[in-house]
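# Per-entry structural report
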Amino acid sequence: MSQIQLWTLIFAIITFGIYIYIAYASRVSDTAGFYVAGGGIPAPANGAAIAADWMSAASFISLAGIVGLAYNGYAGGVFLMGWTGGYVLLALLLAPYLRKFGKFTLPDFVGDRYSETTRLVAVLAAIVVSFVYVAGQMAGVGLVFTRFLGVSTEIGVIIGMAIVFFYAVLGGMKGITWTQVAQYSVLIVAYLIPAVAVSSRVTGIPLPQIGFGAILEELNGLQADLGLAEYSGAFTQISMPNMVLITAALMFGTAGLPHVIVRFYTAKSVRAARYSALWAIFFIALLYTTAPSVASFTKLQIMKDLDGATLATVPDWFNQWADVGLITTAAGGPVADLGTSTFSYTDVMINNDIIVLASPEIGGLPAPIVGLVAAGALAAALSTASGLLLVISSAVANDVYYKKINPAATEQRQLMVGRIAMACAIIVAGYFGVNPPGFVAQVVALAFGLAAASFFPTLVLGIFWKRATATGAAAGMISGLVITFAYMVWTIPIYGGSEGLFGIPATGIGTIGMLINFAVTIVVSKMTPPPSEEMQELVEEIRYPGRTDLVKRHAGGEAIGH
Amino acid sequence: MDDTQRRAYWRKNLRLMAVLLAVWALVSFGAGILFVEPLNEIVVGGFPLGFWFSQQGSILTFVALIAIYVWRMDRLDREFGVAEDEG
C-alpha cells in the first residue's frame, strides 16, 4: 500500500466514524424530525448544511478543471456566476416565504397553494431531478475509492451506500443536517489547504483570490505561445447571448431545485431562513472564489512543468495520473505513444479532475494532504447524495403515501414508510452509481434547465401574485417543461443532434422555457376564475413574519379551499 | 399589523428587493458578460476588470447583497413590530 493510499484510508475511516457518531447522536422519532429536523436548526449550521448539500462531487473535484481546462478561463464564468447567483433569488424571492408557509416538502407548497394535480406534477419533477443527480453522486463516491484506494467501483459504491443508509435512515433530516455540517468542514479544509499551498508556490502570495491576479498575464502569454486563445479573453468559447442564457438557466435552476429549497423549512424562523441563505452563500463563496484561482495557477504550473518535457523528465504527478488513464495523448492514446520526443501542454489531454486531485502534489504537499483531499471529495459526494435521497423519500412518504394513499396513517407508520422509501432510494441510487446510464452526465447539467422552466416561475408567482390560479400554474409548468425537454432531446448529440434554433445550446434553453412558463401561467390565470378569498388571504399572510392565524391553522392541517 | 401597515411593509420590502435585484443583474449579466470587453481594458491588481467580475466580483457581490437584505429586513421587521427573536 502506497503512502497516499494509507493516508486516504486513515482519513476516510476517521471522517466516516465522525459521521456515524453524529448520526447516532441525532436519531429521530417523529415525522417533523425526519423531514425537516423539527424546524430547529440554527442559521449558521443550516447554512453549512445547505452549502454541503449544494456542493457535489462535481463542484469539489471537477469545477476548477472545467473552468481552467475545458472552458479556458472566462467561459467557465457561466458556472461560477450561475451556481452562486441563484442564492440571491432564493434569499430574496423564496426562502422567507416558504419558511413562513411551513410544511415539509416542495410539492407540499405547490399542492396547497394550487391544486392536487399540480402537486403530482411537482412530485414527479422532484423525484426525476433528484434521481438523476444522486446517481452522479454515487458514481463520484465509487470514483474516489477507485482512484485513491485501488478498490473496485462496486465496493466503493457499496461502502458509500452503507454510510448514507446508516445516518439517513436513522436520523432523517436531523441526522443528515448535522452530518452535512461536519462534511462541509471536511470539504472546505481539504479544498483550501492545497489551494493556499499552490498559490504560495506558484505566485508567492498565499491568498489564492489575490495571487490569481498576479499570474494572469504570464498565463495569457504562455497560452499565446502555444497558440491557445487568451485565458481572460471574452467570448473565445461561448458567444455573448449564450453566456447570458446558460448563466441564467443555472441561476434560476438553482433557485428551483427541490433539495435546496427544502432546506429553508429546517430553519427555526423566517428570520433564521434569511440568515441561512446568507451563511450558505458565504460558505459556498469560499469554495467558488477559490476554484477559479486554483484553476489558473494549477494550469500555469502544468504548462510550465510540461514545457519541452520528455517522458523521462516529467514530474511524478504526471506519471501517477497517466497510469490511471486521466492523462493521455492529445489523440486519446496512452502517453507511452509519446516515446522519447519532447512535448508540451497541447500534446497531451489532461482530464478536468486532475486540477484538484493532483493539486497537492503539484503544490509540493506531502501524502497526508492528498488523503485529506480524497476525504473532502467523499464528503462532498455523500452530503449531496443524502440531501437528494431525503427529497425522494419525503416526496414518496409525505406527498404520495400520506396525502394520497392513507391520510389516516399514524405518525409511526408515516415514519416507517419514510424510512423504507429512503432505503429503497439508496439501493436504486447505488445501482445507478455502479451502472451509470449513458445519459446521466448529459442530464445532470440539463436538470437545472428543467428546474428553471418548471418550479421557479410557479413558486415565485404563487408567492407574489395572489391572482395566480391552479390551472394557470399547471399549464405554465407543463408547457415550460415540455418545450425545454423537447428542445433538449432534439439538440443533444446522442439523441437528435440537431443544430437547434438561433444557436441556442441545450444548457441554455431552460431560460426560454422559464419565460414561456411565466407567460403561460399569467395568461391562463387571467382567463380562469381567481383563487378563493381564503387562499388569497393565506398568500397575503405568508408575506409577513411572525405568527398569523390562517398560516397557523393551515400548518395544523386544516384544509383551505383553492 | 392593520391593512395600511401591511401595505406599507410590503411596499418597502418590494422596493428593497427591486434595488438589490437590479444590482444583482448589473454585476453578473452586466459587468460579467454584456460589458466585459470594455471593462477588460481596465486592469486592476493584474485582473482585466470584466474577467474579474465574472470570476470573483459577482460572487462577492452576491454575498454582500444577501447581507444587506438580511440587515435591512431585520430593521423593517423591528420597525413594524413583527421581529422574531432568534437568528
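Keep in mind it's a predicted model, so treat the numbers as computed, not measured.

## Some remarks on the overall build of chain A
Each helix and strand in chain A was counted, giving 22 helices and 2 strands. In terms of overall dimensions, chain A is globule-like: its C-alpha atoms have a radius of gyration of 24 Å, near the 24 Å expected for 562 residues. With the principal axes as the frame, chain A shows a C-alpha extent of 80 × 55 × 40 Å. The buried share of chain A, taken over its 562 residues, is 59%. Pairs at least 24 residues apart make up 82% of the contacts formed inside chain A by residues separated by at least 6 positions.

## Comments concerning the interface of chain B and chain A
Between chain B and chain A, the residue contacts involve 42 residues of the former and 41 residues of the latter. For the side of chain B that touches chain A, the secondary structure elements donating two or more residues are α1 (3-34), α2 (36-40), β2 (47-48) and α3 (49-79) of chain B. For the side of chain B that touches chain A, the residue count by class is 25 nonpolar, 11 polar and 6 charged.

## Quick look at the confidence of the model for chain B
All names here are of chain B. When pLDDT is averaged across chain B, the result is 89; 95% of the residues are at 70 or more. Taking the mean pLDDT of every element in chain B, the minimum, 87, falls on strand β1 (residues 43-44) and the maximum, 93, on α3. Here the predicted complex scores 0.90 on pTM and 0.94 on ipTM.

## Things to note about the UniProt feature "domain: Sodium symporter small subunit" (unreviewed entry) in chain B
According to UniProt, the "domain: Sodium symporter small subunit" (unreviewed entry) feature falls on residues 6-82 of chain B. The distance separating the terminal C-alpha atoms of residues 6-82 of chain B is 11 Å; by composition the span is 84% helix and 5% strand.

## With respect to the confidence of the model for chain A
For residues with low pLDDT, the predicted coordinates do not support detailed interpretation. Of the residues in chain A, 93% reach a pLDDT of 70 or more, and the chain-wide mean stands at 83. Within chain A, the lowest mean pLDDT, 63, falls on helix α22 (residues 549-555) of chain A, and the highest, 91, falls on helix α20 (residues 509-527) of chain A.

## Things to note about the packing of helix α19 (residues 470-491) of chain A against α20(A)
Residues and elements named next belong to chain A. With their axes 7 Å apart at the nearest point, α19 and α20 run at an angle of 155° to one another. The angle between α19 and α20 places the two elements in the roughly antiparallel class. Of the two elements, α19 crosses α20, and the hand of that crossing is right-handed. When α19 is examined against α20, the residues Thr471, Gly472, Ala473, Ala475, Gly476, Met477, Ser479, Gly480, Ile483, Thr484, Tyr487 and Met488 are found in contact with a partner set consisting of Ile509, Gly510, Gly513, Met514, Ile516, Asn517, Val520, Thr521, Val524 and Ser525. In the contact of α19 with α20, the residues fall into 11 nonpolar, 11 polar and no charged.

## So, the UniProt feature "transmembrane region" (unreviewed entry) in chain B
Residue and element names in this part refer to chain B. Residues annotated in UniProt with the feature "transmembrane region" (unreviewed entry) correspond here to residues 16-36 and 51-71. Within the segment residues 16-36, helix and strand shares are 95% and 0% respectively, and the terminal C-alpha atoms sit 27 Å apart. Annotated as residues 51-71, this span is 100% helix and 0% strand, and its ends, taken at the C-alpha atoms, are 30 Å apart.

## Observations regarding unusual backbone geometry
Peptide bonds are mostly trans, and most non-glycine residues show a negative phi. The phi dihedral of Asn72(A) is positive, around 50°, even though this residue is not glycine. Asn72(A) sits in the buried class, given 20 other C-beta atoms within 10 Å.

## Describing helix α21 (residues 533-541) of chain A
A turn of α-helix holds 3.6 residues, and therefore any two residues three or four places apart point the same way. Of the positions making up α21(A), those classed as buried are Met535(A), Leu538(A) and Val539(A). In an axial view of α21(A), the angular spread of the buried residues amounts to 100°, which keeps them on one side of the axis.

Cut-offs and rules
Residues numbered from 1 in each chain as written. Chains lettered and ligands numbered in written order. Predicted model: local features only at pLDDT ≥ 70, side-chain atom pairs only at ≥ 80, totals over all residues. Helix = DSSP H or I, 4+ residues; strand = E, 2+ residues; numbered from the N terminus. Rg over C-alpha atoms; globule rule 2.2 N^0.38 Å. Buried ≥ 20, exposed ≤ 12 C-beta atoms within 10 Å, placed from the backbone. Contact = placed C-beta atoms within 7 Å. Nonpolar A, V, L, I, M, F, W, Y, C, P; charged D, E, K, R; others polar. pLDDT = per-residue confidence, 0-100. UniProt positions renumbered as here; feature names shortened; annotations may be inferred. Axes fitted to C-alpha atoms, helices over the stretch in contact; angles between N-to-C directions. Parallel < 35°, antiparallel > 145°, perpendicular 65-115°, else oblique. Left-handed = near helix turned anticlockwise from the far one by under 90°. Arc of directions from axis to C-beta.

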